[in-house]
Amino acid sequence: KGIALVNLKRWQESIDVLTDAIHAYGADAYVYENRALAYAELKRWPEALRDIRIAYEQFQSPWAFEMLVKLSAGNSGWALRTSPNDAPIICKEAALRDLAIAMTCLGGLHYFGLGVDKDVVQARVWFERAAEGGDPQGMMDLAQMCEQIIALQCTKNQLMHPEKIQPQKLQRKY
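Since we're looking at a predicted model, the values are computed, not measured. (Residues numbered from 1 in each chain as written. Predicted model: local features only at pLDDT ≥ 70, side-chain atom pairs only at ≥ 80, totals over all residues. Heavy atoms only, no water.)

(A) Summary view of the overall build of the chain. The number of helices and strands found in the chain is ten helices and zero strands. The linear arrangement of helices and strands in the chain, starting from the amino end, is α-α-α-α-α-α-α-α-α-α. Contacts spanning at least 24 positions in sequence make up 40% of the contacts within the chain whose residues lie at least 6 apart. By element, 55% of the accessible surface of the chain is carried by carbon and sulfur atoms, the whole surface being about 11,000 Å². (Helix = DSSP H or I, 4+ residues; strand = E, 2+ residues; numbered from the N terminus. Contact = heavy atoms within 4.5 Å. Areas by Shrake-Rupley, 256 points an atom, 1.4 Å probe, with all protein chains shown as cover.)

(B) The arrangement of the environment of Leu5 in detail. Here Leu5 shows up in helix α1 (residues 2-7). Residue classification places Leu5 among the buried positions, given a relative accessible area of 6%. Each C-alpha atom of the pair Leu5 and Asn34 lies 9.8 Å from the other, and the pair is 29 residues apart in sequence. Leaving out residues up to four positions away in the same chain, Leu5 has contacts with Arg10, Glu13, Ser14 and Val17. (Buried < 20%, exposed > 50% of the residue type's maximum accessible area, 1.4 Å probe, protein only.)

(C) Quick peek at the packing of helix α8 (residues 100-112) against helix α9 (residues 120-132). Packing of α8 against α9 leaves a shortest axis separation of 8 Å and a crossing angle of 165°. It follows that α8 is roughly antiparallel to α9 by the angle criterion. α9 is crossed by α8, and the crossing has left-handed handedness. Residues Ala100, Met103, Thr104, Leu106, Gly107, Gly108, His110 and Tyr111 of α8 pack against Val120, Gln122, Ala123, Trp126, Phe127, Arg129 and Ala130 of α9. (Axes fitted to C-alpha atoms, helices over the stretch in contact; angles between N-to-C directions. Parallel < 35°, antiparallel > 145°, perpendicular 65-115°, else oblique. Left-handed = near helix turned anticlockwise from the far one by under 90°.)

(D) Here's a closer look at the confidence of the model for the chain. Averaged over every residue, the pLDDT of the chain is 76; the share at 70 or more is 72%. Mean pLDDT across the elements of the chain bottoms out in helix α6 (residues 78-82) (55) and peaks in α9 (92). Low pLDDT (under 50) marks residues 167-174, which in the prediction has zero contacts with non-local residues, meaning those over four places away or in another chain. (pLDDT = per-residue confidence, 0-100.)

(E) Broad picture of helix α2 (residues 11-25). Given a rise of 1.5 Å per residue, 15 residues ought to cover 21 Å, and the 21 Å separating the end C-alpha atoms of α2 matches this to within 8%. Trailing α2 by a residue or two, Gly26 shows a phi angle of about 85°, which is positive. (Expected span 1.5 Å × (residues − 1).)

(F) Quick look at the side chain of Asp135. Note that Asp135 resides in the loop between α9 and α10 (136-160). With relative accessibility at 11%, the residue Asp135 sits in the buried group. Aside from chain neighbours lying at most four places away, what touches Asp135 is Ala100, Ile101, Thr104 and Ala130.

(G) Region of the structure containing the nonpolar core. Judged by nonpolar contacts, the single largest core of 27 residues is most densely connected at Ile52, Ala95 and Leu106. In terms of residues, this core owes the most to one element, α8, which gives six residues. Counting residues in each nonpolar core, the second largest holds seven residues, with Ile15, Ala38, Ala40 and Trp45 among its members. (Core = buried A, V, L, I, M, F, W, Y, C linked by side-chain atoms within 4.5 Å.)

Okay, structure coming up:
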């Protein structure tokens, strides 16, 4: 019933039913994953993170591991705000297991200096690995980082020798 309520997007009701089921019968990864989803939809981040961790640590759920990375430092980044020491550890562990989205997260953490020392070289390494692993966000982050570097170099050259600047053709493969 709790999972059906999740599918209907009745978040609080699903949390209540799934919590009762956990207390009465125990649970598997699927129950914790769905309750975590309901908590996340209600922006109850600590509870969502707790359930995702249980699903991952007790049941080795691959979905939970990927979700843990996304919620730790991905688009929402809420774990980084609520538990800043966890996000770099989670992302690095996942990145070393070749999870491309984790590589993107780790690159972002290094690029902005969130939870780790700011290190644009490490950021680029992780963005490159993420792009090679097929993560679209990693590809975009790498491209943006390269554009910024090119723009900075161009600006320095223009200031020093504006007469020597010539437009360059983009190398594209179609």
